[in-house]
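Secondary and tertiary structure notes
Now for the letters of each chain:
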Amino acid sequence: MNQPNTAATLDAHAEMPEPRLGAAFLAVVRRDVLLAMRRRADLLTTLVFFIIVASLFPLGIGPEMNVLRVIGPGVLWVAALLAAMLALNRLFAADFADGTLEQLALAPHPLSVLVLGKVAALWVTTGLPLVVIAPLLGLQYDLPAAALYTLVAALALGTPTLALIGAVGAALTLGARGRGVLISLLVLPLYIPVLIFGAGAVDAVMSGLDAGGHLSLLGALLLVSLVVAPLASAAALRIALD
Amino acid sequence: MLQAHNLECTRGERVLFRHLEFRLGAGELLRVEGPNGSGKTSLLRMLCGSLSPTAGELRWQDTDIRKLGERYRAVLAYIGHQNGLKADLNGVENLQLSEAIAGMPVTAEAARQALARLGLAAHAELPVRLLSQGQRRRVALARLAFRARCPLWVLDEPFVALDTAVVPEIAALLAAHLRRGGMVVYTTHQEVPIEAAEQRVLRLGQAA
């Protein structure tokens, strides 16, 4: 009936502007940071948990400087690791519940890039505060200045990896019952390399060695998970939405 | 042109529909009808590519939509029965962010105007969690104002929870989209007259 019209309009649609991936990525980051700012209680949970766990050990062990210095790096890393896990539960679940995850999946972009945006926002709101506060907590363990610098460097390289690996766990368990426990079971074993090299870097400096090797390995872990984790999470999310 | 060929959907053990055939050209309106649980939402989600058909295929301009991937999602605007809004953000923020994620950022002013057209001028700056069900639906539907570039609109119960004042406004939005050569697939349990050159109905839930 309106055949001549049809061809013209389809041509018009063929020339439609290219969707902007950069704008979409930034929008996801901004959205999640904005949401985190509106729910500050959730943000503080991670940070307060980290502070409390890291402060309980010196209180429990007492002022044994030698003991504290030895366990310090390990305790701080374990606390950071557990704190990083707290935020994972909500990472995709909230978006899944209100339908925004489906809208993300239907955006004309690779879902993995948008997932990377979500992970970036997660790190900025929950990982970065841990990196910033860690040297203060390190003082409780009488760590020397050089060890504190290394701790910050190691956490700065390690916590993004934790967020990336965690996103895969969160995506895989989306929609499952008993999700909290399941995420820990999935993700904690994968956190072990980060824990070993992260705590190892600080230990190395304290025994007068160079932390370069450990930090390079943390960097390598970060690069690998930067490539693999968004793809794996996106694939898992598509399955969860099916 | 969107074309469904021998489409089949099973959820669990149950076959919702099979051997489903239809084609939809520019300017055509397709209403999907059927009782609750007959697979209307599943069909719409299939049209979006979120749900894979158990059998058969969907073609857009003669290419399987699974092969087109992102290029197909660029021609598609979908509003599901979930609104896809963030309760802690206000209407303007929700619109701006969802459009930027869809790849075409809009200004706050444009978002405000789109909301005002659906009678939300006074509520544009309120967090969505404070809005009523119908008002949230309007915020979700306000996205359509920016989706003229997407030829295919897939709407799951667009009129649900809307009051009678705003329903004609949405119907006019759909009619305008059809006039410029767009396609609309929708489900509804309400009788809403929509002006369209070519209007078709697909009934689900009869085949056993």
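Since the model is a prediction, treat every value here as computed from it, not as a measurement.

Next up on the list: helix 5 (residues 108-117) of chain B. Residue and element names in this part refer to chain B. Listed in full, the buried residues belonging to helix 5 are Ala 111, Ala 114 and Leu 115. For helix 5, the angular spread of buried residues about the axis comes to 100°, placing them on one side. As for helix 5, its buried residues are in contact with helix 4 (91-101) and helix 6 (133-142). Just past helix 5, the residue Gly 119 takes up positive phi, approximately 75°.

Another point: the packing of helix 7 (residues 111-139) of chain A against helix 8 (residues 145-172) of chain A. Residue and element names in this part refer to chain A. Interaxial distance between helix 7 and helix 8 falls to 8 Å at its minimum, and their mutual angle equals 150°. With respect to each other, helix 7 and helix 8 are oriented roughly antiparallel. When the axes of helix 7 and helix 8 are compared, the crossing they make is right-handed. On helix 8, the residues that touch Val 115, Val 119, Leu 122, Trp 123, Gly 127, Leu 130, Val 131, Ala 134, Pro 135 and Gly 138 of helix 7 are Leu 148, Leu 151, Val 152, Leu 155, Ala 156, Thr 159, Pro 160, Ala 163, Leu 164 and Ala 167. Broken down by class, the residue content of the contact of helix 7 with helix 8 amounts to 17 nonpolar, three polar and no charged.

On to the sheet that holds strand 3 (residues 28-33) of chain B. Residue and element names in this part refer to chain B. Spatially, 6-7-8-3-9 is the arrangement adopted by the five strands of the open sheet, whose pairing is parallel. If you trace the sheet from one side to the other, it starts and ends with strand 6 (76-79) and strand 9 (198-203), each paired once. Along the sheet, successive strands turn relative to each other by an average axial angle of 15°, direction set aside. The pairing of strand 3 with strand 9 spans six bridges and is parallel. Note that in strand 9 the partner of Arg 31 across the bridge is Val 201.

This part covers the nonpolar core. Formed by 141 residues in total, the largest nonpolar core has its most connected members in A:Ala80, A:Ala167, B:Leu76, B:Leu115, B:Val154 and B:Val185. A per-element tally of this core places helix 8 of chain A first, with 16 residues. Taken together, domain 1 (1-75 + 151-208) and domain 2 (85-148) of chain B each give at least three residues to this core, which thus spans both. Beyond its immediate sequence surroundings of up to four residues, B:Leu115 is in contact with B:Gly91, B:Val92, B:Leu95, B:Leu120, B:Ala121, B:Ala124, B:Val139 and B:Ala142.

Turning to the sheet that holds strand 5 (residues 63-64) of chain B, a few remarks are in order. Adjacent strands of a sheet form backbone hydrogen bonds with each other and so pair up, either parallel or antiparallel. All names here are of chain B. Here four strands make up an open sheet; going across it, the order is 2-1-4-5 and the pairing antiparallel. Of all strands in the sheet, those with a lone pairing partner are strand 2 (14-24) and strand 5, marking the two edges. Strand direction decides the pairing type here: strand 1 (residues 2-11) and strand 4 (residues 55-60), joined by five bridges, are antiparallel. Each bridged residue has a counterpart across the sheet, and for Gln 3 the counterpart in strand 4 is Arg 59. Helix 1 (residues 40-48) rests against strand 1, strand 2 and strand 4 of the sheet, and its axis sits at about 130° to strand 1.

Attention now goes to the interface of chain A and chain B. Each partner contributes residues to the interface: chain A has 33 residues there, and chain B has 36 residues. Of all the secondary structure elements, the ones that give two or more residues to the side of chain A that touches chain B are helix 1 (3-14), helix 2 (21-38) and helix 6 (100-105) of chain A. Top element by residues in the side of chain A that touches chain B is helix 2 of chain A. It accounts for eight residues. Broken down by class, the residue content of the side of chain A that touches chain B amounts to 17 nonpolar, nine polar and seven charged.

Let's shift gears to the domain arrangement of chain B. Residue and element names in this part refer to chain B. Split by domain assignment, chain B resolves into domain 1 (1-75 + 151-208) and domain 2 (85-148). On the domain 2 side, the residues contacting the 13 residues of domain 1 number 11 residues. Among the elements that line the side of domain 1 that touches domain 2, the one with the most residues is helix 7 (residues 167-179), at four residues. A breakdown of the residues in the side of domain 1 that touches domain 2 according to their chemical character gives nine nonpolar, one polar and three charged.

Any residue range with low pLDDT should be treated as having predicted coordinates unsuitable for detailed reading. Model confidence for chain A is summarised by a mean pLDDT of 89, while 93% of its residues fall at 70 or above. Here residues 1-14 of chain A is a poorly scored stretch, pLDDT under 50, and it has 15 contacts once near neighbours within four places are set aside; other chains count.

With that out of the way, let us pick up the packing of helix 8 of chain A against helix 10 (residues 212-241) of chain A. Residue and element names in this part refer to chain A. Between helix 8 and helix 10, whose axes approach to 8 Å, the crossing angle comes to 20°. The angle between the axes of helix 8 and helix 10 places the two elements in the roughly parallel class. For helix 8 against helix 10, the interelement crossing comes out left-handed. Across the contact of helix 8 with helix 10, the residue classes break down as 20 nonpolar, five polar and no charged.

Reading the values: the criteria
- Residues numbered from 1 in each chain as written.
- Chains lettered and ligands numbered in written order.
- Predicted model: local features only at pLDDT ≥ 70, side-chain atom pairs only at ≥ 80, totals over all residues.
- Buried ≥ 20, exposed ≤ 12 C-beta atoms within 10 Å, placed from the backbone.
- Helix = DSSP H or I, 4+ residues; strand = E, 2+ residues; numbered from the N terminus.
- Arc of directions from axis to C-beta.
- Contact = placed C-beta atoms within 7 Å.
- Axes fitted to C-alpha atoms, helices over the stretch in contact; angles between N-to-C directions.
- Parallel < 35°, antiparallel > 145°, perpendicular 65-115°, else oblique.
- Left-handed = near helix turned anticlockwise from the far one by under 90°.
- Nonpolar A, V, L, I, M, F, W, Y, C, P; charged D, E, K, R; others polar.
- Pairing = 2+ DSSP bridges.
- Core = buried A, V, L, I, M, F, W, Y, C linked by C-beta atoms within 7 Å.
- Domains from an automatic or database assignment.
- pLDDT = per-residue confidence, 0-100.

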